[in-house]
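Coordinate inspection notes
Here is how the chains run, residue by residue.
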Amino acid sequence: MSAGGGSKAIIAALLANAGIAAAKFVGFLVTGSSSMLAESVHSLADTSNQGLLLLGQKTSQRAATRNHPFGFGRDRYFYSFVVALMLFTLGSVFALYEGIHKLESPEPLSSPIVAVIILVVAIGLESYSFMTAIKESKEIKGDATWWGFIRQSKVPELPVVLLEDAGALVGLVLALIGVGLATLTGDPVWDAIGTISIGVLLGVIAIILIVEMKSLLIGEGASPAELDVLEAELAKGKVESVIHIRTQYIGPDELLVAAKIALNPGLSVAETAEAINDAELRVRNKIPAARLIYLEPDLDRSLAKKA
């Protein structure tokens, strides 16, 4: 998978969520709907989240320093992890609190038609943001399923935006159902149930993102398919075999490769250096993200023992 940044999807989500948050909050002030309040906080959190994702992209581009010789690529993972935490705390926990509070002390809605209109408009805007994220993600997800893309992608922003937008759309539908049932039945408890449902939904999405972003932040290696390519490209020319290999993504578009390779016996120093350079070139031609490659030449002791 190529490590595209997804900036267009992030900006589209930021603009959509900022407008939606303002509209929802007005709707809450008019109607008093807890579902609208939960959705207002949800959209406000999403707007802040997009800002954090853009900040992570910006700070990750800083040049390497003596203290950070491999650069700051993991800033994108850090800010994406913070986004997942914010989605959980500001989105899920608040919605659950507000829903339970309204369940204990239900209040009738006023002007519910205003809430319905705002929610329908918000669904339209959120759909635009979601489609933008899907379009950008398709360019880099390859043959992977959408779930596989979310689990395997080394680009943190697009899976975050995809899940946020998907959660926002489902949350809007839940809010619409809650407000609609509360209006039709005259029972505000349905609004509270809609709010709690939104909280549970956001909690599930946040936990998925927290787990995935934590894994990236700690450090993930190359995928099995990438490892196969790495080993195949290294074990060519004057390289007899790959004795062992270690990889780690130190940023979405920067893969560190360290390997001990067995060279043909009897090579001179110049020939050894040439063999290593050729191996590095082969790898970079196949996997451009493999920018940092450290190869240690050695002899394959297992072959010597068999002889």
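Residues numbered from 1 in each chain as written. Predicted model: local features only at pLDDT ≥ 70, side-chain atom pairs only at ≥ 80, totals over all residues. Heavy atoms only, no water.

**A look at the side chain of Asp165**
Within the fold, Asp165 resides in helix H6 (residues 157-185). Salt bridges are absent for the buried Asp165, whose nearest opposite-charge side chain, Lys24, sits at 10.0 Å. Within the structure, Asp165 has its side chain in polar contact with the backbone nitrogen of Phe130 (distance 3.5 Å). Apart from residues lying up to four places away in sequence, Asp165 is in contact with Ala13, Glu126, Ser129, Phe130 and Ala133. (Helix = DSSP H or I, 4+ residues; strand = E, 2+ residues; numbered from the N terminus. Buried < 20%, exposed > 50% of the residue type's maximum accessible area, 1.4 Å probe, protein only. Lys, Arg positive; Asp, Glu negative; His and termini not counted. Salt bridge = Lys/Arg side-chain N within 4 Å of Asp/Glu carboxyl O. Polar contact = N/O pair within 3.5 Å; in protein donor to acceptor, adjacent residues only side chain to side chain. Contact = heavy atoms within 4.5 Å.)

**Observations concerning the environment of Lys138**
Its place among the elements puts Lys138 in helix H4 (residues 112-141). Placed eleven residues apart in sequence, Lys138 and Phe149 show a C-alpha to C-alpha distance of 9.5 Å.

**A short note on the pattern of salt bridges**
On inspection of all chains with the given rule, the structure shows nine salt bridges. Connected through shared salt-bridge partners, Lys260, Glu296 and Asp298 make up one network.

**Here's the deal with the packing of H6 against helix H7 (residues 189-218)**
At a closest axis distance of 7 Å, the pairing of H6 and H7 adopts a crossing angle of 170°. Between H6 and H7, the angle is such that the two are roughly antiparallel. (Axes fitted to C-alpha atoms, helices over the stretch in contact; angles between N-to-C directions. Parallel < 35°, antiparallel > 145°, perpendicular 65-115°, else oblique.)

**Section: the nonpolar core**
In this structure, Leu230, Leu255 and Leu295 are the most contacted members of the largest nonpolar core, which totals 65 residues. Sequence-distant contacts of Leu295, that is, excluding residues within four places in its chain, are made with Leu234, Ala259, Ile261, Ile276, Ala279 and Glu280. (Core = buried A, V, L, I, M, F, W, Y, C linked by side-chain atoms within 4.5 Å.)

**Let's talk about the packing of aromatic side chains**
Two aromatic rings, taken as a pair, are described by how far apart their centres are and by the angle between their planes. With the rule as written, the count across this model stands at three aromatic pairs. Judged by centre distance (6.0 Å) and plane angle (40°), the ring pair of Phe25 and Phe28 falls under tilted. Taken together, the residues span about one helical turn, with Phe25 and Phe28 both in helix H1 (residues 7-31) at a distance of three residues. Seen in terms of ring centroids, Phe78 and Tyr79 are 5.2 Å apart; in terms of plane orientation they differ by 75°. Their pairing is edge-to-face. (Phe/Tyr/Trp six-rings, centres within 6.5 Å; stacked < 30°, edge-to-face > 60°.)

**Brief notes about the sheet that holds strand E2 (residues 254-263)**
Pairing is mixed in the open sheet, where three strands are placed in the order E1-E2-E3. Every other strand in the sheet has two partners, leaving strand E1 (239-251) and strand E3 (292-298) as the edge strands with one partner each. Here the strands of the sheet are splayed against their neighbours by 15° on average, with no regard to which way each runs. Pairing analysis gives seven bridges linking E2 to E3, with the strands arranged parallel. Among the inter-strand pairings, Ala262 is bridged to a residue of E3, identified as Asp298. Across the face of the sheet, helix H9 (residues 269-286) comes into contact with E1, E2 and E3 while running at roughly 140° to E3. (Pairing = 2+ DSSP bridges.)

**Description of the environment of Asn264**
You can see Asn264 is positioned in the loop between E2 and H9. Spatially, the C-alpha atom of Asn264 lies 69 Å from that of Lys24, the residues being 240 residues apart in sequence. Apart from residues no more than four positions distant in its own chain, Asn264 is found in contact with Gly237, Lys238 and Glu240.

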